[in-house]
Amino acid sequence: MIPVGEVIGTWIAVGLTLMMFSFIYKDNPAFKFGEHLYLGISVGYYVNIQYWSTIYPLVFQQMQQNHNYWVLIPTLLGIFILLRIIPSLSWLSRMSFALYIGGFAGYSLPLIVHSLLLPQLSQTLQPYGGGVGPVINQIIILLAVFSTLIYFFFSLEHRKTVGVISRVGIVFIMVSFGASFGYTVMARISLLIGRFQFIIDSFRGQ
Amino acid sequence: MIFLKRQLPIIIAFVAGIMMWIRYYIPSEVSTNLEDGYLEWVRIIVGFAAILGILSLLQHHMLKIRMKRPGFAFSYVTIAAFALMMFAGFAPFNFPGFAEKNMETGSLFNWLYEFTFIPMQATMFSVLAFFIASAAFRAFRARSMEATLLLVAAIIMMVGRVPIGDLISNATPTFMMFGNEYHFIDFEEWTGWLLNVPNAAAKRGILLGVYLSQIAISIRIIFGIERTYMGGGD
Amino acid sequence: MGMGKRLLACMALLLLLPLHAYAVPAPADVELSDVANDEGNAVAISWDWDGSPTEADQFSVELRVNDQLLKHFELSQQEMQTLTDARNWLSGEVGTLLDQRSSAKAEMDQAQSDLDQSIIDKLPGSEVAGLRRTYWQKYRVFRRLDKQIAALQAKFAARTYKGEDLRLKALTWEFLNEAMRNGGEWISAAAMAPMASVGTKGARTDLFGVNAARRNDAGRLYFTVDSISVPNPGTAASDDSSTGLEQFASIPINLVPDIEYQLRMSTYGAAESNPMDPAAGGGPQLAEQISLGTVTPRGNAFDKSKTNNLVFALLFSMIILAFIILARRNPNMFIRRIAGLEAVDEAIGRATEMGKPVMYLTGLQSLSELSTLAAINILGRVAGKIADYESDLIVPNRDPVVQTVAQEVVKEGYATAGRPDAYREDNIFFLTDDQFSFTAATCGIMMRDKPAAIFLMGYYYAESLLLAETGAATGAIQIAGTDAEHQLPFFIVTCDYTLIGEELYAASAYLSREPMLLGSLKGQDIAKALMMAIILLQAILFIFNGEWKFFKDMVTPL
């Protein structure tokens, strides 16, 4: 036997799904209702997540069970952010932002080099060999990387030679975007099919 | 006072930035603890900001109701849904008919999450497919040389990923080049080439520039040149 | 055939079959060393292999310790006391609860099977409902007891954790002591693994710019050992039936820095299954045990495998800082035209003409994402212009931290433009943290307030298309800017102007013409030129048969 809660829940879910879908037609009261409901629910969810998975275990439990009072420092900094509401004390929030953003800048700098910049550079450095086809491709890649980089030169005026090269760069960029676009279009269609499947299955009582 | 308001934040950003940067190169427990501890602190700091979010939400919708702006009745829905979620998540008892309290599986909170939040989220995600269709239509009205290039590449990719692409390819005559046999029209070959050669290369050019910009902005933050995020005033 | 002949044949078969299969090439020229990029809890073994190992050839590593290591895990008197006290406390607290829980579980299981049976027997609905109620009652009793026990055990863990897990430490000491007492037993350090799976040293360019292939050791096998496996001996002291604590089965313990370990390698060949005795045959059989010598892991202050990272990070930072300093002396640097930003005035102007607001999104990422910071910087400049044109500005946010910073930035923008009175704090608000709820609400605002200009800056995910398409449908002028490479095509198709990748970061320099930002931009150009030089140089070297791989090694992260 299916529990009552699940039956009611599924009907509500189907109703809400249809409300949100009505957005495709045009803005209407059903969508407005769904949108505002979704907004309230999601903010409630977000606040609960922040409390139960961050503040409660990392602050309250740490102090009660492990007697770790170091967490009072970030707690204080968190309260500083709240002081933005009081204009005369809002400068205190700068301490929190400085630690948060300053620390993150230092944290991400070597990671950008390690996992983003160097791999891209390393992949470009390939041997020019393996037959006529691969060599031609390799030269095209070299051309594309160079012309795209030239396009992003901001201190050079895009005239004469630089202008021509950056035009080539924009050609490569557009072909690249076209390929990504076509690729994603096909992937997204399957998502829609999945959602229709849900509605149809629910009506058939499966 | 000027020191506290102006210099101290810049000093904090510098010290925190340099410390987190250097720790990356040091393979020791201290460095790992520093990283974990820092990320935990940031989670706590940002966690408190949720209160600002609540205040902003309530203020925005209360104002809408008080001013009787168009559609203000829907603000009641938002506030009610928010209040319900908060009550379900924070009430220290089990609701009748539910086996658990707070956020655990089997609680009212979880039920609400499963039967309202999840389906609406999934629906908005799947609505994308309709919009991609209209975006594709927009792309078909190519107005410039660049837009035409984008369109041609997109059409090759789209046709190459459906069965009809294969049918067309196999129907065309073949020719020999560099010791390999090729079809005159071969969507599978073309899509692979498009993805691996021009697409990969142009992306590389774009991304290398982006990463350099990110390094530059990080450096400007660490050295106190970039400080918009600290807010203005005195 | 006589009895004797039959026996002889059997013996010959038994002798020949397995012995032949055990032959495994022996490791030669073994070298033990410290691993240069760890905390001092790993050692490395490298060796030449005589011939290429087959799939079936396996090896394992064992180690032997001296009492130095034993001392490391020894519990002080005080720690021992803490552990004993905590254990006694727990068994006192939890003893009766454990019994109650097991009886509650039995009752719950019984109630569940009664319920299941009633459904199978198709009993009347009221009876099933009664049984279901009983089941839920039992379930709640069980869950409550289970939670109480878990809470007590968590308290126990908090008491016995003094920088390291005392229970684990005691267990490790017990195990090591046992091994030492038995005449220095060999302890397993690396489980049996196929030799073919071991990496070669050539695949690990541990040193910056040094190509292992050039040192003629590309073919050397390279293996790191970083832990010993401590099985639970299950003696009385570690038996926790009175506390209900989970028992460790087998735990890997990291090697301890600055302690000497004696290493041994065992090799295994695969024996074919014996037709005379199918039960005994097959699988890996020990072929040889080779003593490798002694080695001491050391903690390192610098991870050598990250040398190239440090060099590039420093190099690029220096270039950028240098040009920022230069720009202070020569503030009039050139910057090329960025079409999307030329249109900012047009878009805001149109909003003023139509009496409609301007909408600005800072992306879906938090403030720590650098593209969000770039979007915030642009917002400051755009806000100033909007104040000049006397339009309204709406900024919905996904992150309350970003929201507060956006408020500050806009307020300052209005103040700089000389119109602080026009600033409306309520227009820069927090919507929600959820990606699609944010999208739905933002699209709702777009459809109802019909902003004349929409700015989509920062980082976006799949929702980019929903936002941009809805905006386009309302007829707004849209200017997008993102470094999210998967979303760029959608913005290009649906928006009037798009800042691609680096242009987003360059925008604040372009709009403000602040010398330091322009200098930073110039520094980035030089860094790009440097990368192009590296790519070009390796191509030239390759064509002229030079050592082109030097560059690849240099930029390959480890």
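Residues numbered from 1 in each chain as written. Chains lettered and ligands numbered in written order. Predicted model: local features only at pLDDT ≥ 70, side-chain atom pairs only at ≥ 80, totals over all residues. Heavy atoms only, no water.

A.B. asks: Even after reading the chapter, I still don't get the overall build of chain B, so can you show me in this structure?
C.D. replies: Across its full length, chain B carries seven helices and two strands. In chain B, the succession of helices and strands from N to C terminus is α-α-α-α-α-α-β-β-α. Going through the 234 residues of chain B one by one, you find that 50% of them count as buried. Expressed as a percentage of contacts within chain B between residues at least 6 apart in sequence, the contacts between residues at least 24 apart total 29%. Accessible surface computed for chain B: about 10,900 Å², of which carbon and sulfur atoms make up 68%. (Helix = DSSP H or I, 4+ residues; strand = E, 2+ residues; numbered from the N terminus. Buried < 20%, exposed > 50% of the residue type's maximum accessible area, 1.4 Å probe, protein only. Contact = heavy atoms within 4.5 Å. Areas by Shrake-Rupley, 256 points an atom, 1.4 Å probe, with all protein chains shown as cover.)

A.B. asks: Would you mind showing me how to read the nonpolar core here?
C.D. replies: All names here are of chain C. Counting 218 residues, the largest nonpolar core has Tyr360, Leu367, Leu393 and Leu456 as its most contacted members. The residues touching leucine 456, leaving out its near neighbours within four places in the chain, are Leu361, Leu467, Ala468, Gln478, Ile479, Ala480, Gly481, Phe491 and Cys495. If you look at the next biggest cluster of nonpolar residues, it comprises 36 residues, including Val65, Phe175, Ala193 and Leu221. (Core = buried A, V, L, I, M, F, W, Y, C linked by side-chain atoms within 4.5 Å.)

A.B. asks: Is there a simple way to think about the environment of B:Gly192 in this case?
C.D. replies: Residue and element names in this part refer to chain B. Position of glycine 192 relative to the elements: it lies in helix α7 (residues 187–222). What makes glycine 192 partly exposed here is its relative accessible area of 24%. In this structure, the C-alpha to C-alpha distance between glycine 192 and methionine 157, residues 35 residues apart in sequence, is 8.9 Å.

A.B. asks: I would appreciate a short explanation of the interface of chain A and chain B in the present structure.
C.D. replies: The extent of an interface is frequently quoted as the accessible surface area lost upon association of the parts. Listed as interface residues are 111 residues of chain A and, on the opposing side, 111 residues of chain B. Counting the contacts that link chain A with chain B gives one salt bridge. For B:Glu146, the salt bridge goes to A:Arg167, with nearest N and O atoms at 3.0 Å. Viewed at the interface, chain B and chain A are joined by 16 residue pairs in polar contact (both at pLDDT 80 or more). Looking at the side of chain A that touches chain B, the elements with two or more residues in it are α1 (4–21), α2 (29–65), α3 (72–82), α4 (93–124), α5 (132–151) and α6 (160–203) of chain A. Looking at the side of chain A that touches chain B, its residues break down into 73 nonpolar, 31 polar and seven charged. (Salt bridge = Lys/Arg side-chain N within 4 Å of Asp/Glu carboxyl O. Polar contact = N/O pair within 3.5 Å; in protein donor to acceptor, adjacent residues only side chain to side chain. Nonpolar A, V, L, I, M, F, W, Y, C, P; charged D, E, K, R; others polar.)

A.B. asks: Would you mind showing me how to read the interface of chain B and chain C here?
C.D. replies: Contacts between the two partners involve 60 residues from chain B and, on the opposite side, 68 residues from chain C. Counting the surface lost from both chain B and chain C, the interface buries some 5,600 Å², and carbon and sulfur atoms represent 68% of this. Together, B:Tyr25, B:Pro27 and B:Leu212 form the three largest contributors to the area buried by chain B at its contact with chain C, with a combined 13%. The tally of links between chain B and chain C comes to one salt bridge. (Buried area = accessible area lost by both parts, 1.4 Å probe.)

A.B. asks: Please clarify how the pattern of salt bridges should be interpreted in this entry.
C.D. replies: Pairs may arise between side chains of opposite charge once their charged atoms sit close together. The tally for this structure, following the rule as stated, stands at 21 salt bridges over all chains. Between C:Arg448 and A:Glu35 there is a salt bridge, with the nearest N and O atoms lying 2.7 Å from each other. Of this pair, C:Arg448 sits in helix α10 (residues 435–449) while A:Glu35 is found in helix α2, placing the two residues in two different chains. Given the relative accessible area of 29%, C:Arg448 is considered partly exposed. The partner of C:Glu62 in a salt bridge is C:Arg264, and the shortest N-O contact between them spans 2.9 Å. With C:Glu62 in strand β3 (residues 58–65) and C:Arg264 in strand β9 (residues 261–270), the pair connects residues that are 202 residues apart, well separated along the chain. Relative accessible area serves as the criterion here: at 10%, C:Glu62 is assigned to the buried category. What makes C:Arg264 buried here is its relative accessible area of 15%. Residues joined in a network through salt bridges with shared partners are A:Asp27, A:Glu35 and C:Arg448.

A.B. asks: For this particular structure, what's the right way to read the packing of aromatic side chains?
C.D. replies: Any aromatic ring pair is given by two values, namely how distant the centres are and how the planes are angled relative to each other. Residues and elements named next belong to chain A. Under the counting rule described, the total for this entry stands at 38 aromatic pairs over all chains. Note on phenylalanine 104 and tyrosine 107: the rings are 5.6 Å apart at their centroids and 75° apart in plane angle, and the pair reads as edge-to-face. A residue pair is termed a helical-turn pair when its members lie 3 or 4 positions apart in one helix, as phenylalanine 104 and tyrosine 107 do in helix α4 at three residues. In this pair, the class of phenylalanine 104 matches that of tyrosine 107, namely buried. (Phe/Tyr/Trp six-rings, centres within 6.5 Å; stacked < 30°, edge-to-face > 60°.)

A.B. asks: Looking at this model, I keep getting lost on the sheet that holds strand β10 (residues 284–295) of chain C. Mind explaining?
C.D. replies: Pairing between the strands of a sheet is mediated by backbone hydrogen bonds and can be parallel or antiparallel. All names here are of chain C. Taken in spatial order, the four strands line up as β4-β3-β9-β10 in an open sheet, and their pairing is antiparallel. Each of the sheet's edge strands pairs with one partner strand only, and the pair in question is β4 (187–194) and β10. Strand-to-strand twist across the sheet, computed as the mean angle between neighbouring axes with direction ignored, equals 20°. In terms of strand pairing, β9 meets β10 through 10 bridges, oriented antiparallel. When the sheet's bridge partners are listed, serine 266 is paired in β10 with glutamine 289. (Pairing = 2+ DSSP bridges. Axes fitted to C-alpha atoms, helices over the stretch in contact; angles between N-to-C directions.)

A.B. asks: Would you explain the environment of B:Thr105 in this entry?
C.D. replies: Of note, B:Thr105 is situated in the loop between α3 (73–90) and α4 (108–140). Not counting chain neighbours up to four residues away, the residues in contact with B:Thr105 comprise B:Glu100 and B:Asn110.

A.B. asks: Would you explain the packing of α5(A) against α7(B) in this entry?
C.D. replies: Think of two packed helices as two axes; the pair is described by the angle between the axes and how far apart they sit. Direction vectors running N to C along α5(A) and α7(B) enclose 30°, while the axes themselves pass 8 Å from each other. In this view, α5(A) runs roughly parallel relative to α7(B), as classed from their interaxial angle. Note that α5(A) runs across α7(B); the crossing there is right-handed. Contact with α5(A), carried on its side by A:Asn137, A:Ile140, A:Ile141, A:Ala144, A:Val145, A:Thr148 and A:Leu149, involves B:Trp193, B:Asn196, B:Val197, B:Ala201, B:Ala202, B:Arg204, B:Gly205, B:Ile206, B:Leu208 and B:Gly209 of α7(B) and no other residues of that element. Each residue belonging to the contact of α5(A) with α7(B) can be placed in one class, and the counts come to 11 nonpolar, five polar and one charged. (Parallel < 35°, antiparallel > 145°, perpendicular 65-115°, else oblique. Left-handed = near helix turned anticlockwise from the far one by under 90°.)

A.B. asks: Looking at this model, I keep getting lost on the sheet that holds strand β15 (residues 477–482) of chain C. Mind explaining?
C.D. replies: Residues and elements named next belong to chain C. Read from one edge of the open sheet, six strands run β13-β12-β11-β14-β15-β16, paired in parallel fashion. On the outer flanks of this sheet lie β13 (428–430) and β16 (497–500), each paired with one strand and no other. On average, each strand axis in the sheet is inclined to that of its neighbour by 15°, with strand direction left out of account. Where strand β11 (residues 358–361) and strand β14 (residues 453–457) come together, four bridges link them in parallel fashion.

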